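# Residue-level structure breakdown
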Amino acid sequence: MLADTKTPWQTYASAWLNAQAQVVFLSTPLQGFLFLVALSLFSPWGAAGMALGALMALFICAFVLRQHPLEWRNGFNLFDGAVIGLLWAGLLSRDMQSAILLAMAIAACYAMRFKLVSTAYSYGFPSLGVASLVTLWAAIYVTLYFGGDFWSMRMRSEPGTLSMCLAGMCLLAAMLLQNVRAALFALAGSGLAALLFYFAQDYPPPVGSTIVLGFTVFLVLFSLPATLLPGHAKAYPMAALAGLVTLGLELAWPHVNTLSSVPSLMAPMFLGIWVVFAFFKIEHRLIFLDPGVQALAKHLQEASSQGGAVVLTGAGISTASGIPDYTRGDWLEAGVPLATYNYAGFVHNRYSRLMYWNSCFRFLKTASQAQANPAHLTLTALQQAGFVTTVITQNVDGLHQKAGTEGTVELHGNIDHVHCLLCGASKTWPEPASWQHSDTFCECGGFLKPAVIAFGEDISLTTWVQAQQAVSTCSVMLVIGTQAAVTSALALIEQARQRQVPCFFIMPGYPACVLTANDRLLFYKAESLLPALADYLGLSKAKP
Ligand SMILES: [Zn+2]
């Protein structure tokens, strides 16, 4: 784990600002601050409520629920409090004691939040502000039931044109800091939606509700490409669809009898976004929501114009094809000491040679029947699309070639042929009888040996140079299904790290090497993550 250089107060302050940034799908303290300023100019009581709500949520998460700072410091667990506080503005403006009710509402929200969030997540949907929405509906209902007024604001004056413009500029600046393209796209789309809303009705609606509608559509259009699905190939068309759904629901809401008594709040926005997520396969939806996967997708997209990705694979990628772990020796004869299989043993000892040939032959039979799995096929698709330049593998099963990957660098050779230790000639496998009863030789008199690296044998210089050249130009490295316990794999990872190239480790467990600041762990099996990643990047299946 990386050391955190922030003091506790800095951590609290940035978490508090992050929570407010999250209300509008932003993510940094600066963006949160800009949003807070914008809201202060537009609705001072709303800003005060949001700041107070975020503070209460921070107190609950950090001191009552005693969550780890990793859980709340990015603001993700806190923004429900900020949202409730924001909409509490009317009550707060008329009676400061309603701050106590606000604290109670936020406490209730956090009592049920975990359940709601995990339920949404188990179906592969972002939870968004569903906990705050449920809390607010309940609060509004209770207020109305007792004859109270939830909304009306005690305000000296409406915000002037100047403050409105300043507020808009602050908010737009925050949005542009997050993602320029998404912000401009959302601005154009929401402007269009607001015009439609204003002029398409028989009686023009109040300017206030037109602004609220435009803002809701803006958030939908912005959220998908900027925050929820960054780098997704179809993020913009999906956002447009979600925007249309949201607009439709907002227009229909007052006309549905059962709904017209409750305010829509942000419900149409959530539904619009969820409709988009419903289009993805459930296992892909869950993977799409992982920020680590989103970062990898972003790096791959940048890599296609910057030098490309190099992929280093190990046994884990072939497990789903039924291949034993070559570097760990899972394919060797049980009960025979590992030292028997040393390269020196092979050269000097007839018994070692017999054991080595027998074990390799068993491995060959397994490998020749094995089929490439979705992970191998996806790497080929990523290569064909220009994201991946080179696949370097520690495996000897030849499955990358079977899947159609071009120019695979096989660090440990390939089990599908044998070679001469003296002249290097490559040959097809001899009949088992030829090694079982005596030694088998090349025409030149040298020993024949399966063309895979034995323990203690050096990787061929040509292969090693190819691998190093590939790593020397890459802009991102994927380490898939290998613990990186072998010196050669570690040397290649180290070479990438020295160039400040980010390394993504994809495997269900931890690698054996020490991690650095640029490394990222994605705890997935390659055969489930890679197809989802290809889907994210908008690729179709490989054509082997
Ligand atoms: Zn020879």
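Structure's up top.
So, here is what we can say about the structure in this document. (Residues numbered from 1 in each chain as written. Predicted model: local features only at pLDDT ≥ 70, side-chain atom pairs only at ≥ 80, totals over all residues. Heavy atoms only, no water.)

Turning to the coordination of the zinc ion, a few remarks are in order. Distances from the zinc ion to its protein donors, Cys420 (SG), Cys423 (SG), Cys442 (SG) and Cys444 (SG), fall within 2.2 to 2.4 Å. Coordination geometry of the zinc ion: the four donor atoms subtend angles of 100 to 118° at the metal centre, consistent with an arrangement described as tetrahedral. Considered as a linear motif, the donors of the zinc ion on their single chain read C-x2-C-x18-C-x1-C. With Cys423 in the loop between β4 (413-420) and β5 (426-427) and Cys442 in the loop between α20 (433-436) and β6 (448-452), the pair connects residues that are 19 residues apart, well separated along the chain. (Donors = N, O, S within 2.8 Å, 3.2 Å for Na, K, Ca; no water. Tetrahedral: all angles 85-135°; square planar, octahedral: opposite > 155°, others 65-115°. Helix = DSSP H or I, 4+ residues; strand = E, 2+ residues; numbered from the N terminus.)

Once that is clear, we can look at the environment of Ala252. Mapped onto the secondary structure, Ala252 falls in helix α12 (residues 235-252). Remark: the alpha-carbon pair of Ala252 and Trp88, spanning 164 residues in sequence, is separated by 25 Å.

What follows covers the sheet that holds strand β2 (residues 388-393). If you trace the six strands from one edge of the open sheet to the other, you get β3-β2-β1-β7-β8-β9, paired in parallel fashion. Pairing within the sheet leaves two strands with one partner each, and these edge strands are β3 (409-410) and β9 (519-522). Running over the sheet, helix α22 (residues 487-498) touches β1 (309-313), β2, β7 (476-480), β8 (503-506) and β9 and is turned about 145° from β8. (Pairing = 2+ DSSP bridges. Contact = heavy atoms within 4.5 Å. Axes fitted to C-alpha atoms, helices over the stretch in contact; angles between N-to-C directions.)

Time to look at the pattern of salt bridges. Considering all chains together, one arrives at eight salt bridges under this definition. When the shortest N-O distance is used, the salt bridge between Arg113 and Asp80 registers 2.6 Å. Taken together, the residues Arg113 in helix α7 (residues 98-122) and Asp80 in helix α5 (residues 79-87) connect sequence positions 33 residues apart. A relative accessible area of 1% places Asp80 in the buried class. Between Asp439 and Arg350 there is a salt bridge; the shortest N-O distance is 3.2 Å. On the criterion of sequence distance, the pair formed by Asp439 in the loop between α20 and β6 and Arg350 in helix α17 (residues 350-369) is long-range, its members being 89 residues apart. For Arg350, a relative accessible area of 29% puts it in the partly exposed group. (Salt bridge = Lys/Arg side-chain N within 4 Å of Asp/Glu carboxyl O. Buried < 20%, exposed > 50% of the residue type's maximum accessible area, 1.4 Å probe, protein only.)

This paragraph deals with the packing of helix α9 (residues 161-178) against helix α10 (residues 180-199). The packing of two helices is summarised by the inter-axis angle and the distance between the axes. Look at α9 against α10: their axes get within 6 Å of each other, and the N-to-C directions meet at 135°. When the interaxial angle is binned, α9 and α10 end up oblique. Facing Leu172, Met175, Leu176 and Gln178 of α9, the residues of α10 in contact are Val180, Ala183, Leu184 and Leu187. Class assignment of the residues belonging to the contact of α9 with α10 gives a composition of seven nonpolar, one polar and no charged. (Parallel < 35°, antiparallel > 145°, perpendicular 65-115°, else oblique. Nonpolar A, V, L, I, M, F, W, Y, C, P; charged D, E, K, R; others polar.)

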